[in-house]
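One-letter residues, chain by chain:
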Amino acid sequence: MVLLVVMGVSGSGKSTVGSHLAAKLGWKFYDADDYHPEENTKKMAQGIPLNDQDRIPWLCKLHDILMREESAGQSVILACSALKKMYRHILVSGRDAVYSKSDHLEEQGDPATRKILFIHLDGPMELIASRLTERKGHFMSPELLQSQFHTLEAPSAPENFITESLEKSVSEIVSEIQKSIHLD
Ligand SMILES: Nc1ncnc2c1ncn2[C@@H]1O[C@H](COP(=O)(O)OP(=O)(O)OP(=O)(O)O)[C@@H](O)[C@H]1O
Ligand SMILES: O=C(O)[C@H](O)[C@@H](O)[C@H](O)[C@H](O)CO
């Protein structure tokens, strides 16, 4: 049973890569975009970045979903921006992570830290911006990309993560992730 979170800024390809990988593996797929309260979606559509208060209850809800699937023994993929270290801690540990010191949460060998593998889709802002201007029918305002990069705290050791270049094709990225998790 594996819990994967495909993370990165808006337009990095989380939904595309996550859904393709889930289809290939026959796993359940969740898109965090579908769990935003209406206020959050409205804000983003207006080009207003979300803040911690907007994101924390949403991340707690996503944590609950992941834990429910874990209890059911179900492997899942979640596409979720998870931009800050604290946000990833919430996905792993729930609301307690908001109040805990991150050093404590990150202790090597902490089973909670290893519970979820984060896949960071990383690449240049210019390329993502050009993909976003082409994308149609999505609520997210492309103007928010700068703020997404500003907020991003790329995962680092001892977090449980791998980084994939979003400059590659979707099928290459999917194959590389499969190789990394030994499911090819
Ligand atoms: N590796 C890739 N190569 C070429 N185009 C891509 C790649 N990954 C994603 N795209 C395209 O880039 C756009 C953004 O991708 P996608 O919607 O999956 O990103 P996202 O990270 O889920 O965005 P958001 O967080 O805003 O929902 C889409 O139009 C998608 O088809
Ligand atoms: O944390 C955030 O700012 C949000 O999750 C955004 O990244 C959007 O949900 C999404 O990526 C837009 O499509």
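On a predicted model such as this, the values are computed, not experimentally measured, just so you know.

Draft legend 1. Structural detail: the site of ligand 2. Neighbouring ligand 2 are the residues Lys14, Asp33, His36, Met44, Arg55, Trp58, Ser81, His138, Met140 and Gln148. Measuring from an oxygen atom of ligand 2, one finds a side-chain N or O atom of Gln148 at 2.8 Å. Computed on the free molecule, ligand 2 has an accessible area of 330 Å², of which 97% lies beneath the protein chains in the complex. Most atoms of ligand 2, that is more than half of them, are within 2 Å of grid points of the largest pocket. Residue classes in the shell around ligand 2 are distributed as three nonpolar, four polar and three charged.

Draft legend 2. Focus on the state of the cysteines. What the rule picks out here adds up to zero disulfides. Here Cys60 is not disulfide-linked; the sulfur of Cys80 is the nearest cysteine sulfur, at 12 Å. On the basis of relative accessibility, which here comes to 10%, the residue Cys60 falls in the buried class.

Draft legend 3. Examining the pattern of salt bridges more closely. In total, this model carries seven salt bridges according to the counting rule given. The residue Lys28 makes a salt bridge to Glu69 at a minimum N-O spacing of 2.8 Å. Of this pair, Lys28 sits in strand E2 (residues 28–31) while Glu69 is found in helix H3 (residues 52–71), placing the two residues 41 residues apart along the sequence. Residue Lys28 is classed as partly exposed on the basis of its relative accessible area of 36%. Exposure remark for Glu69: the relative accessible area of 4% places this residue in the buried category. When the shortest N-O distance is used, the salt bridge between Lys43 and Asp54 registers 2.6 Å. In this pair, Lys43 is assigned in helix H2 (residues 38–45) and Asp54 in helix H3, connecting sequence segments 11 residues apart. Residues participating in the shared-partner salt-bridge network are Lys28, Arg68 and Glu69.

Draft legend 4. Just helix H4 (residues 85–93), in detail. Along H4, the residues that are buried comprise Tyr87, Arg88, His89, Ile90, Leu91 and Val92. One or two residues past the end of H4 sits Gly94, with phi positive at roughly 85°.

Draft legend 5. Fine view of the layout of surface pockets. Taken as a whole, the largest pocket holds about 530 Å³ of empty space. If you trace the largest pocket, you find 33 residues lining it, with Ser10, Gly11, Ser12, Lys14 and Arg135 closest to the centre. Listed by contribution, the elements that provide at least two residues to the lining of the largest pocket are helix H1 (14–25), H3, helix H8 (125–134), helix H9 (145–151) and helix H10 (170–180). The greatest single-element share of the lining of the largest pocket, amounting to four residues, is contributed by H1. Residue composition of the lining of the largest pocket, by class: 14 nonpolar, 12 polar and seven charged.

Draft legend 6. Expanded view of the packing of H3 against H4. With their axes 7 Å apart at the nearest point, H3 and H4 run at an angle of 30° to one another. Taken as axis vectors, H3 and H4 run roughly parallel relative to one another. Where H3 crosses over H4, the handedness of that crossing is right-handed. Of the residues in H4, those touching H3 at Asp52, Arg55, Ile56, Leu59, Cys60, Leu62, His63, Leu66 and Met67 are Met86, Tyr87, Ile90, Leu91, Val92 and Ser93. Grouping the amino acids of the contact of H3 with H4 by side-chain chemistry returns 11 nonpolar, two polar and two charged.

Calculation notes
- Residues numbered from 1 in each chain as written.
- Chains lettered and ligands numbered in written order.
- Predicted model: local features only at pLDDT ≥ 70, side-chain atom pairs only at ≥ 80, totals over all residues.
- Heavy atoms only, no water.
- Near = heavy atom within 4 Å.
- Polar contact = N/O pair within 3.5 Å; in protein donor to acceptor, adjacent residues only side chain to side chain.
- Areas by Shrake-Rupley, 256 points an atom, 1.4 Å probe, with all protein chains shown as cover.
- 1 Å grid on protein atoms, 1.4 Å probe; cavity = no way out; pocket = protein on both sides within 12 Å on 5 of 7 lines; lining within 4 Å.
- Sits in = over half its atoms within 2 Å of the grid points.
- Nonpolar A, V, L, I, M, F, W, Y, C, P; charged D, E, K, R; others polar.
- Disulfide = S-S within 2.5 Å.
- Buried < 20%, exposed > 50% of the residue type's maximum accessible area, 1.4 Å probe, protein only.
- Salt bridge = Lys/Arg side-chain N within 4 Å of Asp/Glu carboxyl O.
- Helix = DSSP H or I, 4+ residues; strand = E, 2+ residues; numbered from the N terminus.
- Points joined across faces, edges and corners; volume = space filled by probe spheres on them.
- Axes fitted to C-alpha atoms, helices over the stretch in contact; angles between N-to-C directions.
- Parallel < 35°, antiparallel > 145°, perpendicular 65-115°, else oblique.
- Left-handed = near helix turned anticlockwise from the far one by under 90°.
- Contact = heavy atoms within 4.5 Å.

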